Amino acid sequence: MTFQLPQNLQTRPVTVIGGGTLGRRIALMFASGGSKVRVYDLSADVREAAVSYVEQTLPSVVADREGAAAGCAQAFDDLDAAVGGAWLVIEAIPERLDLKTTLFGQLDAAADDDTIIASNSSSYASRLMIDKVNHPERVLNMHFYMPPHQNAVDLMSDGKTDPTIFDFLRDELPRYGVHPFVAHKESTGFIFNRIWAAIKRESLAVVADGVSTPEDVDRMFVVNTGAPAGPFRMMDQVGLDVVLDIENHYAEENPDLPEGPRRLLHEYVDAGRLGVKTGRGFYPYDQ
Ligand SMILES: NC(=O)c1ccc[n+]([C@@H]2O[C@H](COP(=O)([O-])OP(=O)(O)OC[C@H]3O[C@@H](n4cnc5c(N)ncnc54)[C@H](O)[C@@H]3O)[C@@H](O)[C@H]2O)c1
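Cut-off values and rules
- Residues numbered from 1 in each chain as written.
- Predicted model: local features only at pLDDT ≥ 70, side-chain atom pairs only at ≥ 80, totals over all residues.
- Heavy atoms only, no water.
- Buried < 20%, exposed > 50% of the residue type's maximum accessible area, 1.4 Å probe, protein only.
- Helix = DSSP H or I, 4+ residues; strand = E, 2+ residues; numbered from the N terminus.
- Pairing = 2+ DSSP bridges.
- Axes fitted to C-alpha atoms, helices over the stretch in contact; angles between N-to-C directions.
- Contact = heavy atoms within 4.5 Å.
- Patch = residues over 30% accessible without salt bridge, like charges linked within 9 Å, V, L, I, M, F, W, Y side chains within 5 Å.
- Areas by Shrake-Rupley, 256 points an atom, 1.4 Å probe, with all protein chains shown as cover.
- Salt bridge = Lys/Arg side-chain N within 4 Å of Asp/Glu carboxyl O.
- Polar contact = N/O pair within 3.5 Å; in protein donor to acceptor, adjacent residues only side chain to side chain.

(A) Helix α1 (residues 21-31), seen in detail. Judged by how many residues are buried, α1 sits mostly within the fold: nine of eleven residues are covered. Looking only at α1, the buried set comprises Leu 22, Gly 23, Arg 25, Ile 26, Ala 27, Leu 28, Met 29, Phe 30 and Ala 31.

(B) Summary view of the sheet that holds strand β4 (residues 88-91). With mixed pairing, eight strands are arranged side by side in an open sheet as β3-β2-β1-β4-β5-β6-β7-β8. A single partner strand is all that each edge strand has here, and the edge strands are β3 (72-76) and β8 (179-182). Neighbour-to-neighbour, the strand axes of the sheet open up by a mean angle of 25 degrees, direction not taken into account. The pairing of strand β1 (residues 14-17) with strand β2 (residues 36-40) spans four bridges and is classified as parallel. What sits directly across from Val 16, in β2, is Val 39. Each of β1, β2, β3, β4, β6 (139-146) and β7 (150-157) touches α1; the most contacted strand, β6, lies at about 95 degrees to it.

(C) Quick peek at a nonpolar patch on the surface. A surface patch of nonpolar side chains, amounting to about 370 Å² of accessible area, comprises Phe 181, Ile 191, Phe 192 and Ile 195. Position of Phe 192 relative to the elements: it lies in helix α6 (residues 192-208). Classification of Phe 192 by relative accessible area gives partly exposed; the value is 44%.

(D) Structural context of the side chain of Ser 203. In this fold, Ser 203 is placed in helix α6. Only 2.7 Å separates the side chain of Ser 203 from the backbone oxygen of Ile 199, close enough to count as a polar contact. Once residues within four sequence positions are removed from consideration, Ser 203 is found in contact with Val 217, Pro 231 and Phe 232.

Rendered as structure tokens:
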């Protein structure tokens with residue numbers, strides 16, 4: 001079935017489902033393009049925290065980007081009310097396929113006919129979430145990294161996504177300070193996450209093999225690339241349990257991947273050293 005692209009974007013809201021770590025950052029970026037953003041979350045505390053985060057962070061994001069304009073964020077506790085009228089709905093709920101599949105069925109039923117519905121999932125193709133969706137042609141992956149600092153966005157088809165959506169989003173998304181890149185075929189880890197996975201994996205292998213230390217690998221990485229931090233410090237920020245889950249997911253698809261990186265991560269996870277969130281990972285942190 002063909003899809004009629006949304007119109008009147010300036011007057012229609014964007015809705016983010018899930019106001020946690022990523023949802024509130026996605027809301028921030030759309031608000032920085034002048035949009036009214038609706039945040040729906042099952043938790044009242046998270047909804048309110050997400051709106052406060054947008055309100056506090058928006059002025060600096062708007063000041064830093066030419067052409068930006070302050071929109072606003074509003075918390076919603078009713079899914080149908082949150083979704084009705086929106087030109088774009090982005091799902092950012094936990095990384096569980098059963099939850100996402102149920103939610104996508106609800107979103108497809110509640111959204112206007114021309115609403116684009118996207119998933120921010122890090123590791124699941126949107127193809128896996130459309131069992132209960134009647135209009136898969138308006139569904140796709142729209143994967144954000146860590147806005148407002150890392151502003152690339154992967155776009156990926158669910159296998160049935162209307163092709164006009166990709167050109168449309170390539171034109172529209174830069175207004176909100178994010179830079180879309182289209183994966184030309186289904187790919188676990190999309191584009192940049194696959195590359196980043198290889199950097200993490202080899203950094204871990206160098207340490208697991210006894211060739212170097214986390215501190216030295218990070219120092220060399222910073223000296224040679226000019227990046228503000230090396231892979232070990234960045235893994236500590238994400239959480240080593242999460243990094244291990246991600247690597248396990250890649251290993252399920254590709255059994256030839258080396259085990260050393262996963263063994264090293266396991267040692268830290270088993271010792272409760274998960275990174276910044278537990279006060280200790282590869283580095284110590286003040287709690
Ligand atoms: N954290 C990251 O670095 C990162 C980066 C890119 C993508 N992602 C992806 O974004 C998604 C969200 O991750 P996160 O880290 O923001 O998670 P999070 O746990 O911080 O937030 C998820 C939120 O969803 C809410 N929620 C749960 N079920 C819901 C439902 N049915 N309806 C509405 N809200 C619901 C929870 O209350 C919670 O506030 C995941 O798919 C993850 O893979 C995460």
